[in-house]
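Understanding the architecture of this molecule
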Amino acid sequence: MNYLSFGLDPALLDPASDVSRRQQALFAGHTATIIVFTRGERQEWQKEGLRVIRPGGSTKWRVLLDGMDEVWGVPRADAVLAQAPDVLGALAWLYTRLRGGKLLLQDHSGIAAR
């Protein structure tokens, strides 16, 4: 399967971090692209079918716009995961409506508990 994931955790940008190692185990045997929507310099790494990208940008809007550009450049995903139901969830929903695939939303913010 081919996965596309939207995240906010900057620890994903370090291939040696615990978070990255968990993602590598989760997507083992599959291909996956994780787009990390955080401010900073453009960054990318790839290992055994997992590709992690921070589009770059110094403002939230620039990160969002550059991130959307990255999203449309990814081959069609079988499943799209988003770590938050807000903007990332809306972007994941839009992707699945336009390009197909299953939508998986995670609530790390606790918004559903409020």
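Please refer to the structure placed before this passage.
Every value quoted in this text rests on a predicted model; they were computed, and no experiment measured them. (Residues numbered from 1 in each chain as written. Predicted model: local features only at pLDDT ≥ 70, side-chain atom pairs only at ≥ 80, totals over all residues. Heavy atoms only, no water.)

**Describing the sheet that holds strand 6 (residues 102–105)**
Filter applied, for reference: Here, a strand pair is defined by DSSP locating no fewer than two bridges between the strands. A helix here means a DSSP run of H or I that spans at least four residues, while a strand means a run of E at least two residues long, and both kinds are numbered starting from the N terminus. Under this scheme, a helix contributes an axis fitted over its contacting stretch, all axes are lines through C-alpha atoms, and angles between N-to-C directions fall in the 0 to 180 degree range.
Taking strand neighbours across the sheet as the criterion, the 6 strands line up as 3-4-2-1-5-6 in an open arrangement whose pairing is mixed. Two strands in the sheet have a free side with no partner beyond their single neighbour: strand 3 (43–47) and strand 6. Adjacent strand axes in the sheet meet at a mean angle of 15 degrees, parallel and antiparallel pairs treated alike. Bridge count for strand 2 (residues 31–36) against strand 4 (residues 50–54) is 4 bridges, and the pairing is parallel. Of the residues in strand 4, the one forming a bridge with T33 is R51.

**Some details on the layout of surface pockets**
Under the convention used in this document: Throughout, the protein atoms alone are placed on a 1 Å grid, and a set of points is a cavity if a 1.4 Å probe fits but cannot get out or a pocket if it is open with protein on both sides within 12 Å along at least five of seven lines; lining residues have an atom within 4 Å of a point. Grid points are joined across faces, edges and corners, and a volume is the space filled by probe spheres set on the points. Any residue outside Ala, Val, Leu, Ile, Met, Phe, Trp, Tyr, Cys, Pro, Asp, Glu, Lys and Arg is labelled polar, Gly included; the first ten of those are nonpolar and the last four are charged.
For the largest pocket, the calculated volume is near 320 Å³. What lines the largest pocket is L8, F37, T38, R39, K60, W61, V63, L64, D86, V87 and L88. If you list the elements that add at least two residues to the lining of the largest pocket, you get helix 2 (60–73) and helix 3 (87–99). By residue number, the principal contributor to the lining of the largest pocket is helix 2, which donates 4 residues. Residue composition of the lining of the largest pocket, grouped by class: 7 nonpolar, 1 polar and 3 charged.

**Topic: the pattern of salt bridges**
As a reminder of what qualifies: By definition, a salt bridge exists where a carboxyl oxygen of Asp or Glu is found within 4 Å of a side-chain nitrogen of Lys or Arg. Buried, partly exposed and exposed residues are distinguished by accessible area as a fraction of the type maximum, computed with a 1.4 Å probe on protein chains only: under 20%, between the cut-offs, and over 50%, respectively.
In this structure the tally under the stated criterion is 6 salt bridges. Between E44 and R42 there is a salt bridge, and its shortest N-O distance comes to 2.7 Å. You can call R42 partly exposed: its relative accessible area is 43%. Between R76 and D78 there is a salt bridge, with the nearest N and O atoms lying 3.5 Å from each other. Taking the relative accessible area as the measure of exposure, R76 reaches 43% and is therefore partly exposed.

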